[in-house]
There are 2 protein chains.
Amino acid sequence: MAVYTEVGDDDLQTFLAGYDLGRLLSYKGIAEGVENSNYVVQTERGSYILTLYEKRVRPADLPFFLGLMDHLAAKGFPCPTPIHDRNGNALNPLAGKPAAIVSFLNGVWPRRIRLTHTAQLGEAMARMHIAGASFPGQRANDLGLAQWRPLFELIAERCDSVVDGLAYLVAAELDALEAHWPQSLPTGVIHADLFPDNVFFIGDSFSGVIDYYFACTDAYAYELAICLNAWCFEPDTSFNITKARGMFAGYQKLRRLGTAELAALTWLARGAAMRFLLTRLYDWFNHPEGARVTRKDPREYLAKLRFHQGLASAAAYGLDVD
Amino acid sequence: MAVYTEVGDDDLQTFLAGYDLGRLLSYKGIAEGVENSNYVVQTERGSYILTLYEKRVRPADLPFFLGLMDHLAAKGFPCPTPIHDRNGNALNPLAGKPAAIVSFLNGVWPRRIRLTHTAQLGEAMARMHIAGASFPGQRANDLGLAQWRPLFELIAERCDSVVDGLAYLVAAELDALEAHWPQSLPTGVIHADLFPDNVFFIGDSFSGVIDYYFACTDAYAYELAICLNAWCFEPDTSFNITKARGMFAGYQKLRRLGTAELAALTWLARGAAMRFLLTRLYDWFNHPEGARVTRKDPREYLAKLRFHQGLASAAAYGLDVD
């Protein structure tokens, strides 16, 4: 959580003068977002989020992310809507960074996950996949299978300092994933980072999804696998099959999983665990001195990986598999 | 800028259930406030600021601060208004800290000070002094003259590492301040930390004052001295007499300074410079590892102190003195 770039009031007034948002009433840097700098902005028209894109986001990807939000919002999916300036641009420079202003999405992310959350998450995910199916943009997943081994090689020598034998375990699992990774599953736009802090609820009701800056074109079922890991394990890393069953049931109300997707699910879940294990390990070893971001424990994802490794089929997730 | 205490959504819902604010719609930690943790909270009733008081604020002082905000708001002075729960309490525990929720005050603090800002600041300051005059609370200034020497003694040995000869200069100035410190000036509630980041404007118009957590009972003219230092020097530490003249003129539209106040002003300005020189030196030497707060350069206040030391009278501030 951080504000990396301080925005001056004169600079912000100049930036906003290009938009039809009325006078600036207030802006405050918010302690959210690991990747970018974010401000809550109030104008005469209402509340907005201003984002300055920092160096971890490639400028070339920004039209995809903002176009996706435009598309999902137009389809009625609750997400922040990019505000366009009078020339139609959703991206403009501010304080030397590319910046966008989006509508403020009400909601609170759940710290303690209950069954109602995973059930509504599943349904919302299916809505998002269906709404995104007609989006023409394409973006490869740059944290997908092909990137895991190069990422591992950057940190392999240090893995055993976290857990003894970890380097061997990861290398062997990468071999297995490369041999068994499912091909030809139904594919489209996925969020790819659908953790609880990106999913909002008002009271007990789903209200929207934020933070599309990992969105990419990948297998829909891989999104479910990411969420299985992020939402359906308890803080002690035990698997909660009731929450998983609720998530899949919610999803399948709107989009049924095919036989190939069901068959692939344990491998997708292993891959999803590997992706977050590797990035958390990388961040663990490359944590800047005095950083304003809390390191996340990579061992959480090692435990999840091991759980999926022991499974014979997606029946263990509470799914009907023939 | 920091959020020291993370607030869970369930805890916040429980806290808010005691207030008539409707449902929680969102809350976001804001990167503001060196002393406390602050959140922007949206409920069905509107926008608010939630503050959790951290260890640098004495709980015994909180009723004074919140009572002062209640009083000023009731007198029509634009400041955050404490929200009282259904039992009439403005303070309640949250996440193990005393916490208060106050109305959201629109406005933006000016990064680049112009003449219009100091003129309006002066008038607003006088309004605040007049509105606060009927406030019955009393609180001694715990960063006043009596505290400067003990504070200096904590850091005296390290002062010369910042500027050669600084320890001698501060010791000699403390002698002079103790010998000449004005007594019996008109006294009442002052804000005591009226820096630009606590004074809001919408466009070019003053909109309010925030952050009353240094407020205390002290000489009104000492507040002007603090603002002389905080608002009327340029970034290169040159004094801008036009801004000072504007500030005093704005103030005297509503409250005329007496002869004793005018005569005391250079000593008050030296004292005000000493107070911030000492606390900045202390913070410079006691900056926590990996702190999320930027250190402020104490030498800025040394330059201001030296400027005032060279003056014969408040005429140098653009004031008519007989």
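Each value, and the rule that gives it
- Residues numbered from 1 in each chain as written.
- Chains lettered and ligands numbered in written order.
- Predicted model: local features only at pLDDT ≥ 70, side-chain atom pairs only at ≥ 80, totals over all residues.
- Contact = placed C-beta atoms within 7 Å.
- Helix = DSSP H or I, 4+ residues; strand = E, 2+ residues; numbered from the N terminus.
- Nonpolar A, V, L, I, M, F, W, Y, C, P; charged D, E, K, R; others polar.
- Buried ≥ 20, exposed ≤ 12 C-beta atoms within 10 Å, placed from the backbone.
- Arc of directions from axis to C-beta.
- Axes fitted to C-alpha atoms, helices over the stretch in contact; angles between N-to-C directions.
- Left-handed = near helix turned anticlockwise from the far one by under 90°.
- Pairing = 2+ DSSP bridges.
- Domains from an automatic or database assignment.
- Least-squares fit on C-alpha atoms with pLDDT ≥ 70 in both.
- Core = buried A, V, L, I, M, F, W, Y, C linked by C-beta atoms within 7 Å.
- Expected span 1.5 Å × (residues − 1).
- Parallel < 35°, antiparallel > 145°, perpendicular 65-115°, else oblique.

Participant: Can you walk me through the interface of chain B and chain A in this structure?
Facilitator: A common measure of how large an interface is: the accessible area buried when the components associate. Listed as interface residues are 28 residues of chain B and, on the opposing side, 28 residues of chain A. At the level of elements, helix 1 (9-16), strand 1 (24-30) and strand 2 (37-43) of chain B are the ones that each hand at least two residues to the side of chain B that touches chain A. For the side of chain B that touches chain A, the leading source of residues is strand 1 of chain B, giving 7 residues. Of the residues contributing to the side of chain B that touches chain A, the split by class is 11 nonpolar, 8 polar and 9 charged.

Participant: Honestly, helix 9 (residues 299-309) of chain A in this entry has me stumped. Any pointers?
Facilitator: Residues spaced three or four apart along an α-helix point in a common direction, a consequence of the helix completing one turn every 3.6 residues. All names here are of chain A. Among the residues making up helix 9, those that are buried are Y301, L302, K304, L305 and H308. Along the axis of helix 9, the buried positions cluster into a sector of 165°, meaning they face one direction only. Against the buried residues of helix 9 lie helix 5 (166-180), helix 6 (220-231) and helix 8 (259-285).

Participant: Would you mind going over the packing of helix 6 (residues 220-231) of chain B against helix 7 (residues 241-254) of chain B with me for this structure?
Facilitator: A packed helix pair is summarised by two numbers, namely the angle formed by the two axes and the spacing between the axes. All names here are of chain B. Relative orientation of the contacting elements helix 6 and helix 7 amounts to 145°, with a least axis distance of 10 Å. Note that helix 6 runs across helix 7; the crossing there is right-handed. Here L224, C227, L228 and W231 of helix 6 come into contact with helix 7, specifically with K243, A244, M247 and Y251. The class makeup of the residues in the contact of helix 6 with helix 7 is 7 nonpolar, no polar and 1 charged.

Participant: I would appreciate a short explanation of the pairing of strand 2 of chain B in the present structure.
Facilitator: Regular strands place side chains that alternate from one sheet face to the opposite one. All names here are of chain B. Within strand 2, 6 of the 7 residues are buried, leaving the element largely enclosed by the surrounding structure. Across 6 bridges, the pairing between strand 1 and strand 2 is antiparallel. Paired with L24 across the bridge in strand 2 is T43. Of the strand pairs in this sheet, strand 2 and strand 3 (residues 46-52) are connected by 7 bridges, and their pairing is antiparallel. In the strand pairing of strand 3, T43 is matched with G46.

Participant: Explanation requested: the domain arrangement of chain A in the structure shown.
Facilitator: All names here are of chain A. For chain A, the assigned domains read domain 1 (9-103) and domain 2 (115-317). Contact with domain 1, which involves 16 residues of that partner, is made by 16 residues of domain 2. Partitioning the side of domain 1 that touches domain 2 into residue classes produces 11 nonpolar, 2 polar and 3 charged.

Participant: What's the story with the relation of the copies chain B and chain A in this structure? I'm lost.
Facilitator: The operation relating chain B to chain A is a screw motion whose rotation component is 180°, with 0.0 Å of axial translation and a residual RMSD of 0.0 Å. Accordingly, the operation relating the two chain copies is best matched by a two-fold axis. Same-surface contact between copies: 100% of interface residues of chain B are shared with the interface of chain A.

Participant: How should I be thinking about the nonpolar core in this particular structure?
Facilitator: Across soluble globular proteins, nonpolar side chains have a tendency to be buried as a group. Counting 188 residues, the largest nonpolar core has A221, A225 and C227 of chain A together with A221, A225 and C227 of chain B as the members making the most contacts within it. With 13 residues, helix 8 of chain A is the largest single contributor of residues to this core. In contact with C227 of chain B, other than residues within four places in its own chain, are L121, M125, L194 and M247 of chain B.

Participant: Explanation requested: helix 7 (residues 241-254) of chain A in the structure shown.
Facilitator: Residue and element names in this part refer to chain A. The first and last C-alpha atoms of helix 7 sit 21 Å apart over 14 residues, in line with the 20 Å expected at 1.5 Å per residue. Where helix 7 is concerned, the buried positions are K243, A244, G246, M247, F248, G250 and Y251. Of the surrounding secondary structure, the elements contacted by the buried residues of helix 7 are helix 3 (115-132) and helix 6.

Participant: Please clarify how the packing of helix 2 (residues 62-74) of chain A against helix 3 of chain A should be interpreted in this entry.
Facilitator: Residues and elements named next belong to chain A. For the pair helix 2 and helix 3, the least separation of the axes is 9 Å and the interaxial angle reads 105°. As the angle between them shows, helix 2 and helix 3 are arranged roughly perpendicular. Seen from helix 2, the contacting residues are L68, H71 and L72; seen from helix 3, they are M128, A131 and G132. The class makeup of the residues in the contact of helix 2 with helix 3 is 4 nonpolar, 2 polar and no charged.

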